[in-house]
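# Notes for the structure review
Here's the letter readout for the chains.
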Amino acid sequence: MLTENKLSKYLLYALGEILLVVIGILIALQVNTWNEQRKIKMKERAYLQRFNKELELNLNEMNRLIQQSDDVLVKIDSLLAIHFAEIPPVSNKIFNNLAKGTVDYLVFQSAEATIEDLIGSGELEIIEDAQIREGIATWKSGLMNIRYLETDNKKAFNELLEFYKSRSEIYNMMRNGPIFSEDAQSQLLSDPVFLNTLTYHAIPLQMLNGEYQKKRKEYLELSGRVQNELTRLGN
């Protein structure tokens with residue numbers, strides 16, 4: 001009987017020791033899991049902070065391009081309005097300012113180092129928000145329309161520049177002089193080639209302006225989601 005009591009106590013002690021070891025292992029595993037999750041959240045927060053700064057840069061770039069395209073389109077429209085007598089004739093100085101202001105083309109300089117890091121490292125899944133992940137994953141493909149239109153815009157710019165090179169006195173710009181004389185001004189305002197070249201330049205530019213505005217709206221919404229996530233993660 002005494003031996004049985006000793007054996008029972010020993011078994012209870014052994015089971016207690018085993019239970020303590022198991023609990024210790026479970027606690028260690030839980031702590032390790034918690035540490036790993038904390039590291040992942042810290043990495044996600046760091047990526048989102050970087051991405052948020054790049055979104056701000058891209059929004060500033062979009063605002064610049066929208067303003068720049070607006071300015072060029074206004075100048076082209078003004079020259080066409082003079083031709084159609086929709087506005088009064090302008091001085092040669094104003095005409096030259098309008099004409100020189102049409103020679104421009106646009107390229108969106110996308111800040112995307114964080115996007116490239118996330119995709120290149122295979123760590124995109126760290127980003128918990130599905131819409132932010134999708135915005136990052138489709139960033140480059142989402143710019144395809146803009147890139148096509150920018151190519152068309154560059155071609156139209158080159159055609160306008162070639163026209164100016166053959167029909168203007170560009171060298172006068174070195175002395176702050178007019179590139180078109182008053183006689184050239186009168187001829188250009190009734191020249192179908194000039195007017196067509198301006199219009200061809202305006203078409204992709206106008207479409208680009210619309211695409212830039214749509215993309216700006218998209219980036220604003222994405223920026224809002226990123227900021228919400230940073231708040232959740234304790235920015």
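Above: the structure in question.
Notes on the structure in this doc start here. Note that the structure is predicted; figures quoted are calculated from it, not measured.

Further remarks concern the packing of helix H5 (residues 144-167) against helix H7 (residues 192-232). H7 packs onto H5 with a crossing angle of 155° between their chain directions and a minimal axis gap of 9 Å. Accordingly, the angle class assigned to the pair H5 and H7 is roughly antiparallel. Like other packed secondary-structure pairs, H5 and H7 cross with a definite hand, here left-handed. For the contact of H5 with H7, the per-class residue count stands at 16 nonpolar, four polar and six charged.

Another point: the nonpolar core. Phe51, Tyr164 and Tyr212 are the most contacted members of the largest nonpolar core, which totals 50 residues. Elements represented by at least two residues in this core include exactly helix H1 (2-83), helix H2 (92-101), helix H3 (113-121), helix H4 (130-137), H5, helix H6 (182-188) and H7. Counting residues per element, this core draws most heavily on H1, at 14 residues. Excluding residues that lie within four positions of it along the chain, tyrosine 164 makes contacts with Ala99, Thr102, Val103, Ile170, Ile179, Phe180, Phe194 and Leu198.

Time to look at the pattern of salt bridges. Overall, the coordinates contain 16 salt bridges when judged by the stated rule. Here lysine 43 makes a salt bridge to glutamate 123, at a shortest N to O gap of 3.0 Å. In this pair, lysine 43 is assigned in helix H1 and glutamate 123 in the loop between H3 and H4, connecting sequence segments 80 residues apart. Taking relative accessible area as the criterion, lysine 43 reaches 37% and is therefore assigned partly exposed. Between arginine 167 and aspartate 191 there is a salt bridge; the shortest N-O distance is 2.9 Å. In this pair, arginine 167 sits in helix H5 while aspartate 191 sits in the loop between H6 and H7, placing the two residues 24 residues apart along the sequence. The exposure class assigned to arginine 167 is partly exposed, which follows from its relative accessible area of 37%.

Attention shifts here to the packing of aromatic side chains. On inspection of all chains with the given rule, the structure shows nine aromatic pairs. With 4.5 Å between their ring centres and 5° between their planes, tryptophan 139 and tyrosine 219 make a pair best called stacked. Residue tryptophan 139 is located in the loop between H4 and H5, and its partner tyrosine 219 is located in helix H7; the two are separated by 80 residues in the primary sequence. Owing to a relative accessible area of 4%, tryptophan 139 belongs among the buried residues under this scheme. Of the aromatic side chains, those joined through ring pairs into one cluster are Phe95, Phe163, Tyr164, Phe180 and Phe194. For the cation-ring pair, lysine 154 lies above tyrosine 105, with the distance from its terminal atom to the ring centre recorded as 4.6 Å.

This part is about the environment of isoleucine 127. Tracing the backbone through its elements, the reader meets isoleucine 127 in the loop between H3 and H4. Taking C-alpha positions, isoleucine 127 is 8.3 Å from tyrosine 47, a pair spaced 80 residues apart along the chain. Once residues within four sequence positions are removed from consideration, isoleucine 127 is found in contact with Glu44, Tyr47, Leu48, Leu118, Ile132, Arg133 and Ile136.

In this section: H5. Between the first and last C-alpha of H5 there are 35 Å, a value that for 24 residues agrees with the 34 Å anticipated at 1.5 Å per step. Taken together, the buried positions of H5 are occupied by Ile146, Leu149, Glu150, Asn153, Ala156, Phe157, Leu160, Phe163 and Tyr164.

Our focus in this paragraph is the side chain of glutamate 112. Among the secondary structure elements, glutamate 112 is positioned in the loop between H2 and H3. Polar contacts involving the side chain of glutamate 112 include one to the side chain of tryptophan 139, which spans 3.2 Å. Leaving out residues up to four positions away in the same chain, glutamate 112 has contacts with Glu54, Trp139 and Lys140.

What follows is about H2. Given 3.6 residues per helical turn, the α-helix brings residues three or four places apart onto the same face. Within H2, the full set of buried residues consists of Asn92, Phe95, Asn96, Leu98 and Ala99. For H2, the arc enclosing every buried residue in end-on projection is 165°, short of the 170-degree limit, so these residues lie on one face.

Turning next to unusual backbone geometry. Even without being a glycine, alanine 85 presents a positive backbone phi close to 60°. Here alanine 85 is to be found in the loop between H1 and H2. Here alanine 85 falls in the exposed class, since its relative accessible area comes to 62%. Of note in the backbone geometry, asparagine 176 takes a positive phi value of approximately 60° without being a glycine. Mapped onto the secondary structure, asparagine 176 falls in the loop between H5 and H6. Judged by relative accessible area, which is 76%, asparagine 176 ranks as exposed.

What counts and what doesn't
Residues numbered from 1 in each chain as written. Predicted model: local features only at pLDDT ≥ 70, side-chain atom pairs only at ≥ 80, totals over all residues. Heavy atoms only, no water. Axes fitted to C-alpha atoms, helices over the stretch in contact; angles between N-to-C directions. Helix = DSSP H or I, 4+ residues; strand = E, 2+ residues; numbered from the N terminus. Parallel < 35°, antiparallel > 145°, perpendicular 65-115°, else oblique. Left-handed = near helix turned anticlockwise from the far one by under 90°. Nonpolar A, V, L, I, M, F, W, Y, C, P; charged D, E, K, R; others polar. Core = buried A, V, L, I, M, F, W, Y, C linked by side-chain atoms within 4.5 Å. Buried < 20%, exposed > 50% of the residue type's maximum accessible area, 1.4 Å probe, protein only. Contact = heavy atoms within 4.5 Å. Salt bridge = Lys/Arg side-chain N within 4 Å of Asp/Glu carboxyl O. Phe/Tyr/Trp six-rings, centres within 6.5 Å; stacked < 30°, edge-to-face > 60°. Lys NZ or Arg CZ within 6 Å of the ring centre and 35° of its normal. Expected span 1.5 Å × (residues − 1). Polar contact = N/O pair within 3.5 Å; in protein donor to acceptor, adjacent residues only side chain to side chain. Arc of directions from axis to C-beta.

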